[in-house]
Amino acid sequence: MTADHLILGGGSAGCVLAARLSEDPGRQVVLVEAGRDISAGDIPPDVQSRYPGRAYLDTRNIWATLSAAMGHARSNDAPRPTRRYEQARLLGGGSAINALMANRGAPSDYDEWAALGAEGWSWAECLPWFRAIETDRDFGGPLHGDSGPLTIRRIDDARLSPFVDRVMHTLARRGHPIGQDQNGPWRDGTYRGAIAVSDAGTRLPTSLAYLTPEVRRRPNLRILTGRAARRVLFEGRRAVGAEIPAAGGGCEVLRAREVIVASGGIHTPALLMRSGIGPAADLRALGIDMVAERRGVGRNLMEHPSIAVATYLPRAVRERNPAEHHEQAIWRYSSGLADAPAGDMHAAILSRAGWHSVGRRVGCLFFWVNKSFSRGHVTLRSADPSIEPEVDFRMLSDDRDLVRLKQAFRRGAEALADPYMDGYREHVFPASYSPRVARVAVPGAANAIQRGALSSLLDLAGPWRGALIDGVMAPGVTAATLMADDRALDDFVRQHVGGTWHASGTCRMGPADDPLAVTSPAGAVHGVDGLRVCDASLMPSIPCANTNIPTIMIAERIADMIRHEGTTDRALPEPTVRGSILTGDITH
Ligand SMILES: Cc1cc2nc3c(=O)[nH]c(=O)nc-3n(C[C@H](O)[C@H](O)[C@H](O)COP(=O)(O)OP(=O)(O)OC[C@H]3O[C@@H](n4cnc5c(N)ncnc54)[C@H](O)[C@@H]3O)c2cc1C
């Protein structure tokens, strides 16, 4: 059988595409996902929980051997360690293991996409789709939807942690007002975070919200899980299908009129390159037959570089419910850097730093540069699909990102030290999601004993607690030193900069005559026929947002473009948005 659409990757975008394209009974759709199935009747508790801090630690849910270099060393000769970089490997993709945050970014992000050559992706053109994907339970009006597949809400008073609440009020006293709606008019301030959870209070991955039992029963939709596509197959320059592992061993070929690669910001460029689309010299060096040279494949890799400042929490202000969502509020502010847009900085205000006993004793401001300028790359190490690509984010390769993260650390440490926080924080210390922290967080008896011993010691340490934290938990330097010594802060940020799991941009949209653009604004790969990309790789620049909702918006729009290709009957999702709403009301 030749399908109409063969979708490779069933993540945040792939599930949306499969659901939307198969709405038309005349289209045969096949969805292929490397990881396991996640359906309404069969969802692991750690994935379903509104507390998201365990799902991404389970190696069954991620590409377990994927690693990445984060920071950019002072010298090209300096060694650049890599660390595990979690990317989802299960149906629903990132939406099944992420932190549930559901935000869109600034209107100027999408106007920037259009200005960079992604025609049709301005804010005015994207907003109707952001509305269409959501049912916002807290807010209505021109910026919100009330009938989309994703229910969005914010934490209520009863569930808000005392620590998070106090940080918000401390920041308000320091000039950062408390706002109501993170997805409302784009303004600086603190907000209770918008999250995607069902009315029953559980996670809503696209594998559930879009691939409902009814959708799965469609005779024109076939879902294959546990199959990692090896490469896209071509006849001349036309994609005709893909090679995937066969159920009983060996390989099988799935044929399709159109192949849509939706394997995410890291694995989509890798799959394209393995299939002969990418920088010619690199691919030839690996013995890969060229189909089309597109130098931009794997370039423009973007992330939100991050750094954290933490505090030991007095017992009375710790999160009591282990199943509660922890990223309860956010702080958006403008760095004031000349080239940066308003609201270019973000901090997640975390009620706890981990799922375990030590994590429950730590509150945290997790900062990231929301409009980052550094760019990295994904390159193939081998034509063998079982070998992960090399991922180098080169975070801080643009000095403006370093400057803003240092400023963030200072602001965070000062806010936590504010006397208004007395009774809500104790010792303040630098924190990082280092390989050591990641290792200790892994469930298991040996780690549990270590964590339990440390937690008891911390509680009993009294006047020595600060020294114990600095000696055992902080990454070799104190907050006081970093605040007093700019060079030390510089070194700390360079060494400990991390990501936020927002890898994107590696097959960016743009015009065909832009040598680094990979696809058209409809996701069609330049230089070949029958091949599209649809996921976070398409983003021309990184939005000031966690990337899940923007990716789902992209998938809804691309599905709509596909369905209406060759027709003139395209309509915006209802209700139609009027011009006045799109301008004055929602900018600064
Ligand atoms: C730990 C974590 C926390 C995050 N927190 C948030 C958050 O709170 N809010 C937010 O907005 N964003 C968050 N993100 C980011 C967000 O989830 C992603 O940007 C989004 O999921 C990207 O969607 P995608 O469709 O591009 O890729 P993915 O959702 O990653 O989907 C790609 C899918 O393709 C599959 N695949 C890859 N290669 C192949 C192949 N060869 N054959 C078949 N299948 C393949 C993968 O297994 C995966 O399921 C987080 C991400 C992670 C990992």
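What counts, and at which threshold
- Residues numbered from 1 in each chain as written.
- Predicted model: local features only at pLDDT ≥ 70, side-chain atom pairs only at ≥ 80, totals over all residues.
- Heavy atoms only, no water.
- UniProt positions renumbered as here; feature names shortened; annotations may be inferred.
- Helix = DSSP H or I, 4+ residues; strand = E, 2+ residues; numbered from the N terminus.
- Rg over C-alpha atoms; globule rule 2.2 N^0.38 Å.
- Buried < 20%, exposed > 50% of the residue type's maximum accessible area, 1.4 Å probe, protein only.
- Pairing = 2+ DSSP bridges.
- Axes fitted to C-alpha atoms, helices over the stretch in contact; angles between N-to-C directions.
- Contact = heavy atoms within 4.5 Å.
- Near = heavy atom within 4 Å.
- Polar contact = N/O pair within 3.5 Å; in protein donor to acceptor, adjacent residues only side chain to side chain.

- In the annotation of an unreviewed UniProt entry, the entry for the chain reads NAD(P)-binding protein, and the organism field reads Gluconacetobacter azotocaptans.
- Under Sequence similarities (unreviewed entry), UniProt gives the following word-for-word description of the chain: "Belongs to the GMC oxidoreductase family."
- According to the UniProt record, the Cofactor (unreviewed entry) comment for the chain reads "FAD".

## Here we look at the overall build of the chain
So, point 1. Within the chain, the secondary structure is distributed over 17 helices and 22 strands.
So, point 2. Rg of the C-alpha trace for the chain: 23 Å, near the compact-globule value of 25 Å for 588 residues, within the 12% margin.
So, point 3. Structurally, the chain occupies a C-alpha span of about 70 × 55 × 50 Å along its principal axes.
So, point 4. Taking all 588 residues of the chain together, 61% fall into the buried category.

## Structural notes on the sheet that holds strand β3 (residues 67-71)
Either a parallel or an antiparallel arrangement is found when strands of a sheet pair, and the pairing is made through backbone hydrogen bonds.
So, point 1. Spatially, four strands are ordered β4-β3-β20-β19 in an open sheet, and the strand pairing comes out mixed. In the strand order of this sheet, the two ends are held by β4 (82-84) and β19 (377-379), each with one partner. On average, each strand axis in the sheet is inclined to that of its neighbour by 30°, with strand direction left out of account.

## Notes on the environment of A524
So, point 1. The residue A524 is located in the loop between α15 (486-496) and β22 (531-533) in this model.
So, point 2. Residues A524 and M302 lie 222 residues apart in sequence; the distance between their C-alpha atoms is 21 Å.
So, point 3. Ignoring any residue separated from it by four or fewer positions in sequence, one finds A524 in contact with V518, T519, L531 and R532.

## Concerning unusual backbone geometry
Trans peptide bonds make up most of the peptide bonds, and negative phi angles are found at most residues other than glycine.
So, point 1. You will see that N300, though not glycine, has its phi angle at about 60°, which is positive.
So, point 2. Along the chain, N300 falls in the loop between β14 (292-293) and β15 (306-312).
So, point 3. With a phi close to 75°, L396 is a non-glycine residue in the positive phi region.
So, point 4. Position of L396 relative to the elements: it lies in the loop between β20 (390-395) and α10 (399-417).

## With respect to the UniProt feature "domain: Glucose-methanol-choline oxidoreductase N-terminal" (unreviewed entry) in the chain
So, point 1. Mapped onto this structure's residue numbering, the UniProt feature "domain: Glucose-methanol-choline oxidoreductase N-terminal" (unreviewed entry) falls at residues 88-111.
So, point 2. Helix makes up 21% of residues 88-111 and strand 0%, with an end-to-end C-alpha separation of 29 Å.

## Structural notes on the site of the ligand
So, point 1. Every one of the 37 residues lining the ligand counts as a neighbour, but S12, E33, G94, T547 and N548 are closest to it.
So, point 2. The contact in question runs from a nitrogen atom of the ligand to an N or O atom on the backbone of A99, over 3.1 Å.
So, point 3. Taken together, the elements giving at least two residues each to the shell around the ligand come down to α1 (12-21), β2 (29-33), α8 (264-274) and α16 (548-563).
So, point 4. In terms of residues, the shell around the ligand owes the most to one element, α16, which gives three residues.

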